[in-house]
Amino acid sequence: MYILDMNLLHKGDVILTAERAWQSKGVRISTWSKFSHATLYVGSGSYIHSDSKGVHADNIQRLLFKSKNHVAVLRPNKSKYIDAACIFARTQIGKQYSVKEAIRTKKNLLSAKEQNRQFCSRLVAQSYANAGLNISRKIDYCTPKEIYKSIEFQEVKTCIRKAEVEEIDFAQRYNPLEAQKQITNSILSYAREIAGCDIQTFEQLTDLVVNTPSIDSQIADFMTNTGYFDMWRYEYQKNRWRYDYEALISLNVDEATMIEACQREVEGASERLRRYNFSLAQHKNLFSNINLKYIQNHTELYENLVQMTKDNLDTCSRYLSSKT
């Protein structure tokens, strides 16, 4: 089995894969392509993609490949578009997958018929187009093959290697992000049901609740009952070494591996902290005069995420400082 080396991937890399499922084979045959799926790597081990469960983030360490030929890593030639592309991709989380729109790639169309839906290669192309980089003539209906052939990317062949036994074991273990996907989908589905409109993202849901305060309690209570506002606690408890110095130094790991892990943690935590601080400030400033449970719950969530991320940053920075 093969795995992508997280240390060699760069934020903004596009990962094309050839999955073994029959649907994947059908896409490859119909588009005369080696690849059937496109994802955007957004850094710190996380990638965003659109599959049958919708648009969601996932862990790059969960991807295993039977052959090196089943994956390609494309790196944009112009790095100035990367941050904006990744930000846009995050705004798409929750959007439903559209089989109809994916099929329309074969009809040589240019403009999306269903704007509020996604499929894998559209997500990647729209993310970069929103940032100012057109990677295909057909942004809304490009294929993985067209992304692979785009002059805006260079293929990087050094990012895939043989997976270690423990890496294979981790990839096949319980993935808490699957529960997160289910919770996200259930919230957006409930919002569509009670509001009678096409709510596909949390950005759209926030606009809905702010403009229709009569549904505030229903939405906020439903989200609380799904466990959405407490999902962070699972990570905080499961991986205490990231947030507690004593737990970190008690790990039975050699120094070189620990330093490498802490360097990755510091890099990832620094970026997350910027995002969470921005979201927290946005809720406090934009909604300071809006007394809604939905807004209050989100403000508390971002306060918890900011504190957790600060703990992560402080713990791993302290370890690195002790080794210099």
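The sections below set out a description of the structure shown in this document. (Residues numbered from 1 in each chain as written. Predicted model: local features only at pLDDT ≥ 70, side-chain atom pairs only at ≥ 80, totals over all residues. Heavy atoms only, no water.)

Observations regarding the packing of helix α9 (residues 216-226) against helix α13 (residues 293-322)
So, point 1. Between α9 and α13, whose axes approach to 8 Å, the crossing angle comes to 35 degrees. Listed contacts from α13 to Asp216, Ser217, Ile219, Ala220, Asp221, Met223 and Thr224 of α9 are Lys293, Tyr294, Asn297 and His298.
So, point 2. For the contact of α9 with α13, the per-class residue count stands at four nonpolar, four polar and three charged. (Axes fitted to C-alpha atoms, helices over the stretch in contact; angles between N-to-C directions. Helix = DSSP H or I, 4+ residues; strand = E, 2+ residues; numbered from the N terminus. Contact = heavy atoms within 4.5 Å. Nonpolar A, V, L, I, M, F, W, Y, C, P; charged D, E, K, R; others polar.)

Topic: the environment of Leu8
So, point 1. Inspection of the secondary structure assignment puts Leu8 in the loop between β1 (2-4) and β2 (14-17).
So, point 2. Separated by 150 residues in sequence, Leu8 and Thr158 have C-alpha atoms that sit 7.6 Å apart.
So, point 3. Among residues more than four places away in sequence, those in contact with Leu8 are Arg75, Thr158 and Cys159.

Overview of the pattern of salt bridges
A side chain with one charge may pair with a side chain of the opposite charge, provided their charged atoms come close.
So, point 1. One pass over the structure, following the stated rule, counts 21 salt bridges.
So, point 2. Between Arg233 and Asp230 there is a salt bridge, with the nearest N and O atoms lying 3.0 Å from each other.
So, point 3. For Arg233, a relative accessible area of 37% translates into the label partly exposed.
So, point 4. By relative accessible area, Asp230 is classed as partly exposed at 37%.
So, point 5. The residue Glu303 makes a salt bridge to Lys284 at a minimum N-O spacing of 3.7 Å. With Glu303 in helix α13 and Lys284 in helix α12 (residues 255-286), this residue pair connects regions lying 19 residues apart in the sequence.
So, point 6. Take Glu303: its relative accessible area is 36%, and that puts it in the partly exposed class. (Salt bridge = Lys/Arg side-chain N within 4 Å of Asp/Glu carboxyl O. Buried < 20%, exposed > 50% of the residue type's maximum accessible area, 1.4 Å probe, protein only.)

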